[in-house]
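# A structural walkthrough
Spelled out, the chains give:
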Amino acid sequence: MGKENGKVVVLDFWASPYAMRTKIALREKGVEFETQQEDLWNKSELLLKSNPVHKKVPVLIHGDKPISESLIQVQYIDETWTDAASFLPSDPQARATARFWADFAEKTISFEGGRKIWGNNKGEEQEKGKKEFLDSLKVLEAELGDKSYFGGETFGYVDIALVPFYSWFYALEKCGDFSVEAECPKIVAWGKRCVERDSVAASLPESEKVYQQVLKLRQIFGVE
């Protein structure tokens, strides 16, 4: 049996930008997979067994082997299903550069970073969260420049790492009363370009649905 064979399941939560990465990567490679939606307040035994360290989604299960952490999953998918184009360039220096920017996005454009905006009422803490978020986006926008994608003309690893958060922009804008497009127009144009891809369109939820989920989270965490 080839290394690419075996049932593929993603332990998922539809609004998780991290799980979106994994689904985009699988769809880019043309891999058939199933999703199992998780209740993050009542996690399944399968999730707890498959990711005992972090107990978080997504988990990629290939055959009976679980893989945790979304960017590690994207790399695994890239290395396992090699018939389709690689997410990373062939040149080692260009690969290192792509990994750097994916890591930058991972550390700065994150769920926790977004929570500083939606998880606070208007005031100093929310303003600080907005500034951090927009400053990081501006750094990424400078790297994107006038390219179609972060890798040039080819949709790849950095795009997969970052584009799921595009589906959260609207919710953050509504909670923080600001416009991403006004501050980072090239990033928004890039996001729209990415969503034209079938893999992305099928993996990202509607922005309004994410916003409604954020309103529920604000209630749960006691934000008025």
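For every chain, the first residue of its written sequence is number 1, and the numbers climb from 1 along that sequence. Totals for whole chains, interfaces and linings use every residue, but because this is a predicted model, local features are given only for residues with pLDDT of at least 70 and side-chain atom pairs only at 80 or more, for both listing and counting. The side-chain figures draw on all heavy atoms in the structure; neither hydrogens nor water molecules are used.

Rule in force here: UniProt positions are given in the numbering used here, feature names are shortened, and annotations may be inferred rather than shown by experiment.
Going by what an unreviewed UniProt entry lists, the protein is known as glutathione transferase and is assigned to Raphanus sativus. According to the UniProt record, the Catalytic activity (unreviewed entry) comment for the protein is "RX + glutathione = an S-substituted glutathione + a halide anion + H(+)". Looking at the Subcellular location (unreviewed entry) heading of the UniProt record, one finds this comment for the protein: "Cytoplasm, Cytosol".

## Brief notes about the sheet that holds strand S4 (residues 65-68)
Paired through their backbone hydrogen bonds, the strands of a sheet run either parallel or antiparallel. Rule in force here: Strands are treated as partners if at least two bridges between them are detected by DSSP. Helix numbers and strand numbers start at the N terminus; a helix is a DSSP run of H or I with at least 4 residues, a strand a run of E with at least 2. A fitted line through C-alpha atoms serves as each axis, taken over the contacting stretch for helices, and the angle formed by two N-to-C directions is quoted from 0 to 180°. By the convention used here, residues are in contact when the closest approach between their heavy atoms is within 4.5 Å.
Read from one edge to the other, the open sheet built from four strands follows the order S2-S1-S3-S4, with strand pairing classed as mixed. Each edge of the open sheet carries a strand with a single partner, namely strand S2 (34-37) and S4. Between one strand axis and the next, the sheet turns by 25° as a mean value, whatever way the strands run. Sheet topology places strand S1 (residues 8-12) next to strand S3 (residues 59-62); four bridges connect them, and they run antiparallel. Directly across from Val10, in S3, lies its bridge partner Leu60. Across the sheet, helix H1 (residues 17-28) lies against S1, S2 and S3, angled at about 155° from S1, the strand it touches most.

## Some words on the pattern of salt bridges
The condition is simple: By definition here, a salt bridge exists when the distance from a side-chain nitrogen of Lys or Arg to a carboxyl oxygen of Asp or Glu is within 4 Å. Classification of residues uses two cut-offs on accessible area relative to the type maximum, computed with a 1.4 Å probe and protein chains only: under 20% is buried, over 50% is exposed, and between them is partly exposed.
Taken as a whole and assessed by the stated rule, the structure comprises 13 salt bridges. Residue Asp146 pairs with Lys186 through a salt bridge whose shortest N-O separation is 2.8 Å. Of this pair, Asp146 sits in the loop between helix H6 (124-144) and helix H7 (157-162) while Lys186 sits in helix H10 (residues 185-195), and the two are 40 residues apart along the sequence. Residue Glu181 is joined to Lys192 by a salt bridge in which the shortest nitrogen-to-oxygen separation is 3.7 Å. Here Glu181 is found in helix H9 (residues 180-183), whereas its partner Lys192 is found in helix H10, with 11 residues between them in sequence. Relative accessible area serves as the criterion here: at 43%, Lys192 is assigned to the partly exposed category.

## A short note on the packing of aromatic side chains
Two aromatic rings are characterised by how far apart their centres lie and by the angle between their planes. Stated precisely, the cut-off is as follows: Pairing of aromatic rings covers Phe, Tyr and Trp, the last counted by its six-membered ring, and requires centre-to-centre distances within 6.5 Å; plane angles under 30 degrees mean stacked, over 60 mean edge-to-face, and any other angle means tilted. Any Lys NZ or Arg CZ found within 6 Å of a ring centre and within 35 degrees of that ring's normal is scored as a charge over the ring.
Within the structure shown, the criterion is met by 14 aromatic pairs. Each residue in the set Phe111, Trp118, Trp168 and Phe221 is aromatic and connected to the rest through ring pairs, giving one cluster. For Lys29, the ring lying beneath its charged end belongs to Phe87, and the centroid distance is 4.9 Å. Positioned over the ring face of Trp14 is Lys209, at 4.4 Å from the centre of the ring.

## Brief notes about the nonpolar core
Soluble, globular proteins show a tendency: their nonpolar side chains are buried together. Operational definition: Put simply, a nonpolar core is a bunch of buried Ala, Val, Leu, Ile, Met, Phe, Trp, Tyr and Cys residues held in one set by side-chain atoms that sit within 4.5 Å of each other. Just so you know, the domain bounds were taken from an automatic or database domain assignment.
Ranked by size, the top nonpolar core spans 68 residues in total, and within it Leu26, Phe133, Leu140, Ile187 and Trp190 carry the most contacts. Mapped onto the domain boundaries, this core takes at least three residues apiece from domain 1 (8-80) and domain 2 (92-221). When residues no more than four places from it in sequence are discounted, the contact partners of Leu26 are Val8, Val10, Val31, Phe33, Leu60, Ile77 and Trp81.

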